[in-house]
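Remarks on the overall topology
So the chains spell out like this:
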Amino acid sequence: MDVLIPKNKWSFVTRWWWLGALLLAGMAAARLYWPRPGQRLHVAASRLTISSVTRGNFQEFTAIDGVVQPLHTVYLDAAEAGTVQQVLVEEGTTLTAGQPLLRLANPDLQLEMVNRETAVYDLMNNLRNTRNQLLQNRILRQNQLADIDFQLAEARRVFDTNQVLYDQKVIARQDYLQSQNAYRYQRRRRQLTQQTLRQDSVAMQQQLGTMQESVQRMTSNLALMRRKMDDLLLRAPVGGRLSSLAAEVGEAKTRGQRLGQIDALAGVKLHAAVDEFYIARIATGQVGEVVVDGQAYALRVTKIFAQVAKGVQIDLAFTGALPPGLRRGQTLPIRLALSAKAPAVLLPKGGFYQQTVGNWAFKLAADGTRAERVAIRLGRQNPDYYEVLAGLQPGDQVVTSSYEGYADQQELVLDNDRP
């Protein structure tokens, strides 16, 4: 009896076909991700940038641009509102302290000044009249006391005489008692008059003191008003160069409005913005340098602004001599140090890092006709150099230009006359 044998789905030809496809895919992947030993490419030497590995002091730094600014700047603001009546100086003028700059006009302030002066004069007149009136009252009271003293003395004389006569039985008892009562009345009257005089004197002193304090307060207010009037004439608070003055005749200015600024001539500083990436590595006292005409000048961070706007804003001051010919607003390249200098093997920066990420590079052979692919290890970097940790030695020649199109090569052959 015949038995049905199931058909094999994977024939001999099919199996070999799939095996070949997998082999080709593996070869393609190996070619893509791992260059074959001995694979080389001819390249014109003029298209490559070749740099030497050196030994030197490595320092992390960041390159920033600094703007020259005066070391001290004094801003001019309007202390009082007004209309520009007269401009007395021009921008760029070198000023001395106290020199008039411009004059403002404020009719309301002038009218208030006149009213306050009138009020002070009226109060002073009232004080003078009150003092005169109180003095007259005091004189009147003193005249009354003098009259009472006279009457008291006369009553005492009569009483003493009547007492002697009464003791001698010369006068009647009624006359004696009448003179006694008159004497006691005049004595009591004098006591009351003296008390009234003392109270009037105290009240007069208090009233005069209150009015005097009022006059002093109003006089102080008047002096303050005069200073406000003086503020309508804007003067230079310090000496220096008037770098800006925003005022035209007839222009209205409000209180506190910025009118200009004066730059001190004592020195300059550099203002710069550092990328926020380095915010944790910026500190006051940090050093840097700026190169002008091939000469380096030392800098030091003097101020770090708290507000972060378009980077970390800092001020730097020169610690030694100043570069000659600096002008306000001039831009200078600054190298701001982020670490101390330390000996290291250095490789100049180049476009090769984009393809290799610092894992390998093409190193020139001793004869300089070819460059072999070698494994390297790079560490820190600054805008000029990489720190070489392994794979290269001082004196080695390395292709540091871009490896675009060369990334899958094992060796580059340098042709001097190849286009």
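Just so we're clear, the structure is a prediction, and the values are computed from it rather than from any experiment. Sequence positions are assigned chain by chain, starting from 1 and proceeding in written order. Only residues with pLDDT of at least 70 get local features here, since the model is predicted, and only at 80 or more are side-chain atom pairs given and counted; chain-wide, interface and lining totals rely on the full set of residues. The side-chain values count all of the structure's non-hydrogen atoms but skip hydrogen atoms and water molecules.

Only when DSSP finds a minimum of two bridges between them are two strands counted as paired. Under the DSSP-based scheme used, a helix requires at least four consecutive residues in state H or I and a strand at least two consecutive residues in state E, with every element numbered from the N terminus. Ordered in space as β5-β12-β10-β7, the four strands form an open sheet in which the pairing is antiparallel. Single-partner strands in this sheet number two, and they are β5 (73-77) and β7 (94-95). Where strand β10 (residues 240-245) lies against strand β12 (residues 258-263), four bridges are found, and the strand directions are antiparallel. Looking at β12, one finds that R241 is bridged to D263.

Now for the side chain of D263. Here D263 shows up in strand β12. Judged by relative accessible area, which is 6%, D263 ranks as buried. A distance of 2.8 Å separates the side chain of D263 from the side chain of R328, its partner in a polar contact. Contacts are assigned to residue pairs with any non-hydrogen atoms lying within 4.5 Å of each other. Ignoring any residue separated from it by four or fewer positions in sequence, one finds D263 in contact with P70, H72, T73, G240, R241, S243 and R328. Exposure categories follow from relative accessible area, calculated using a 1.4 Å probe and restricted to protein chains: below 20% of the type maximum is buried, above 50% is exposed, and the middle band is partly exposed. Pairs of N or O atoms within 3.5 Å make up the polar contacts considered here, provided that, within protein, one atom can donate a hydrogen while the other can accept it, and that residues adjacent in sequence are counted only when both atoms are side-chain atoms.

The subject of this paragraph is the pattern of salt bridges. Here, a salt bridge means any Lys or Arg side-chain nitrogen found within 4 Å of an Asp or Glu carboxyl oxygen. One pass over the full model with this rule turns up 17 salt bridges. In this structure, E60 engages R281 in a salt bridge whose closest nitrogen and oxygen atoms are separated by 3.2 Å. Of the two residues, E60 sits in the loop between β3 (54-58) and β4 (61-70) while R281 sits in the loop between β13 (268-274) and β14 (287-292), which places them 221 residues apart along the sequence. Ionic pairing is found between K269 and D315, a salt bridge with its closest N-O pair at 3.1 Å. Taken together, the positions of K269 in strand β13 and D315 in strand β16 (residues 312-318) put the pair 46 residues apart, joining distant regions of the chain. We classify D315 as buried; its relative accessible area is 4%. One connected set of salt bridges, linked through shared partners, spans E60, R281, R380 and E387.

Another aspect to go through is the domain arrangement of the protein. The domain limits used here are those given by an automatic or database domain assignment. For the protein, the assigned domains are domain 1 (36-57 + 342-415), domain 2 (62-68 + 266-337), domain 3 (77-105 + 232-257) and domain 4 (108-227). Placing a centre on the C-alpha atoms of domain 1 and another on those of domain 3 gives a separation of 63 Å.

The subject of this paragraph is the side chain of N106. Within the element layout of this structure, N106 appears in the loop between β8 (100-105) and α2 (107-167). Separated by 3.1 Å, the side chain of N106 and the backbone nitrogen of L109 make a polar contact.

In this section: the confidence of the model for the protein. Each residue carries a pLDDT score, the predictor's confidence in it, ranging from 0 to 100. When pLDDT is averaged along the protein, the result is 83, and 92% of the positions lie at 70 or above. No element of the protein has a lower mean pLDDT than helix α1 (residues 12-33), at 64, and none a higher one than strand β23 (residues 397-399), at 92.

Turning next to the sheet that holds strand β24 (residues 411-415). The strands making up a sheet associate through hydrogen bonds between their backbones, and the pairing can be parallel or antiparallel. Here we have six strands laid out as an open sheet, ordered β1-β24-β20-β19-β23-β2, and mixed in their pairing. A single partner strand is all that each edge strand has here, and the edge strands are β1 (40-44) and β2 (50-52). Direction aside, neighbouring strands of the sheet carry axes that sit 35 degrees apart on average. Direction of pairing for β2 relative to β23: antiparallel, over a ladder of three bridges. Bridge pairing links S51 to V398 in β23. The convention used is that axes are lines fitted to C-alpha atoms, helices contributing only their stretch in contact, and that angles between N-to-C directions extend from 0 to 180 degrees.

Attention now goes to the environment of A236. Mapped onto the fold, A236 is located in the loop between β9 (233-235) and β10. Residue class for A236 comes out buried when judged on its relative accessible area of 2%. Taking C-alpha positions, A236 is 8.0 Å from I262, a pair spaced 26 residues apart along the chain. When neighbours within four sequence positions are excluded, A236 is seen to be in contact with L95, T96, A97, G98, Q99, L101 and I262.

We call Phe, Tyr and Trp rings a pair once their centres come within 6.5 Å, taking the six-membered ring for Trp, and we label the pair stacked below 30 degrees between planes, edge-to-face above 60, and tilted otherwise. Applying the stated rule across the entire model yields ten aromatic pairs. With a centroid separation of 5.9 Å and 45 degrees between ring planes, the pair formed by F352 and Y403 is classed as tilted. Taken together, the residues span a long stretch of sequence, with F352 in the loop between β18 (342-348) and α4 (353-356) and Y403 in the loop between β23 and β24 at a distance of 51 residues. Using a relative accessible area of 0% as the deciding quantity, one classes F352 as buried. We classify Y403 as buried; its relative accessible area is 0%.

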